[in-house]
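# Coordinate analysis (summary)
Listed below, chain by chain, are the residues.
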Amino acid sequence: MKAPKFPKGSVPDHVAVVMDGNGRWAKKRGLPRTAGHEAGEAALFDMVEGALEVGVKELSAYAFSTENWKRSPDEVKFLMGFNREVIRRRRDQMNEMGVRIRWVGKEKRLWKSVLDELLEAEELTKKNKKFTLNMCVNYGGRSEIVDATTKIAVDIAKKKIKPDQINEKLFSKYLYNPGMSDVDLFLRSSGEQRTSNFLPWQSVYAEMIFMDVLWPDVTRKTLWDAIAIYGERDRRFGKA
Ligand code: FPP
């Protein structure tokens, strides 16, 4: 499929995606929930390719949230193993495409084997400048803000910084991935209209689009359709 030509300035730099609806997609087909997650892999990487084709610079994918530990032990086990496998299987392809992979999340509880795989992918792709794929694994927005606050408190106690130096710019340096840019376009599949603790700090001025499609049915075309809607929005950032 040929990529559309969007007018200059109407393509978001940073797109965040909540990949929701895998379970429902599987249920509709009489399959186990895990089959829905498996089918979701192709959707994510098709979206990455589609993003590259139209000049998006960064994509953040919510692959496992700090709340997902509440799922059944079997599903948690599957999702951890699946993340590890996907990173291992896709990192060379991503590297060849000029994609830099970053892990964004909390270390506590995350399986060491998954973290190792993510860090290896980060190392392999660290020189790539064209595009960044943030794999948000064991990520929670509130926990990101609380953890940043704790690190700031530690630095104050060590007299590295003073309380009156704290401002938005300094605070953002303590987030999980300080290099991450603000989210321009926030997408969620499956028709649910919630942000579910994904990138709250970075998304305060994001345009939100909730798509009526289950995640495994998403393709690059879904992204392009959302970008066309985004291009029509009037972003004022608080200005009149
Ligand atoms: C939500 O679907 C999805 C997740 C819990 C995140 C995991 C996403 C994937 C495995 C997709 C691809 C990811 C990678 C790493 C390639 P759900 O289970 O909440 O669906 P439901 O709301 O229909 O039950």
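Worth saying up front: this structure is predicted, and the values here are computed from it rather than measured. (Residues numbered from 1 in each chain as written. Predicted model: local features only at pLDDT ≥ 70, side-chain atom pairs only at ≥ 80, totals over all residues. Heavy atoms only, no water.)

It is worth spelling out the site of the ligand at this point. Near the ligand you find 20 residues, and of these Asp20, Gly23, Arg24, Arg33 and Arg71 are the closest. The separation between an oxygen atom of the ligand and a polar side-chain atom of Arg33 is 2.7 Å. Out of a free accessible area of 620 Å², the ligand has 92% covered by protein chains. When contributions to the shell around the ligand are tallied by element, the ones reaching two or more residues are α1 (22–28), α2 (33–54), β2 (58–65) and α3 (73–96). Considering each element in turn, the shell around the ligand owes the most residues, five residues, to α2. By residue class, the composition of the shell around the ligand is eight nonpolar, seven polar and five charged. (Near = heavy atom within 4 Å. Polar contact = N/O pair within 3.5 Å; in protein donor to acceptor, adjacent residues only side chain to side chain. Areas by Shrake-Rupley, 256 points an atom, 1.4 Å probe, with all protein chains shown as cover. Helix = DSSP H or I, 4+ residues; strand = E, 2+ residues; numbered from the N terminus. Nonpolar A, V, L, I, M, F, W, Y, C, P; charged D, E, K, R; others polar.)

With that settled, the discussion passes to the environment of Ile152. Looking at the secondary structure, you find Ile152 in helix α5 (residues 141–157). Linking Ile152 and Ile166, residues 14 residues apart in sequence, is a C-alpha distance of 8.6 Å. If near-sequence neighbours (up to four positions away) are discounted, Ile152 is found in contact with Ile161, Ile166, Phe171 and Tyr174. (Contact = heavy atoms within 4.5 Å.)

Here α3 crosses helix α4 (residues 112–125) at 10°, and the two axes come no closer than 9 Å. Judged by the angle between their axes, α3 and α4 are roughly parallel. Every residue of α4 that contacts α3 at Met80, Asn83, Arg84, Ile87, Arg88, Arg91, Asp92 and Asn95 is listed here: Ser113, Val114, Glu117, Leu118, Glu120, Ala121, Leu124 and Thr125. (Axes fitted to C-alpha atoms, helices over the stretch in contact; angles between N-to-C directions. Parallel < 35°, antiparallel > 145°, perpendicular 65-115°, else oblique.)

A few words on α5. When the terminal C-alpha atoms of α5 are compared, their 25 Å separation across 17 residues agrees well with the 24 Å that a helix rising 1.5 Å per residue should span. For α5, the complete set of buried residues consists of Gly141, Ser143, Glu144, Asp147, Ala148, Ile152 and Asp155. Buried residues belonging to α5 abut β4 (131–139) and α6 (168–172). Just beyond α5, the residue with positive phi is Lys159, at close to 65°. (Expected span 1.5 Å × (residues − 1). Buried < 20%, exposed > 50% of the residue type's maximum accessible area, 1.4 Å probe, protein only.)

Evaluated as defined, the whole model comprises nine aromatic pairs. Ring centres of Tyr139 and Phe198 lie 5.8 Å apart, and the angle between their planes is 85°; this geometry places the pair in the edge-to-face category. Residue Tyr139 is located in strand β4, and its partner Phe198 is located in the loop between β5 (185–188) and β6 (207–210); the two are separated by 59 residues in the primary sequence. A residue is classified by how much of its surface remains accessible, and Phe198, at 2% relative accessible area, is buried. Pairwise contacts between aromatic rings join Tyr62, Tyr139, Tyr176, Phe186 and Phe198 into one cluster. (Phe/Tyr/Trp six-rings, centres within 6.5 Å; stacked < 30°, edge-to-face > 60°.)

What the six strands build is an open sheet, ordered β3-β4-β2-β1-β5-β6; its pairing is parallel. Lying at the two open borders of the sheet, with one neighbouring strand each, are β3 (99–104) and β6. The mean angle between the axes of side-by-side strands here comes to 20°, regardless of whether they run parallel or antiparallel. Its contacts with the sheet place α2 against β1 (14–18), β2, β3, β4 and β5, and it is angled at close to 150° to β4. Its contacts with the sheet place α4 against β3 and β4, and it is angled at close to 145° to β3. (Pairing = 2+ DSSP bridges.)

Quick look at the environment of Pro7 now. Along the chain, Pro7 turns up in the segment before β1. Taking the C-alpha atoms as reference, Pro7 lies 19 Å from Ile209; in sequence the two are 202 residues apart.

On their own, these measurements won't tell you what the molecule is for.
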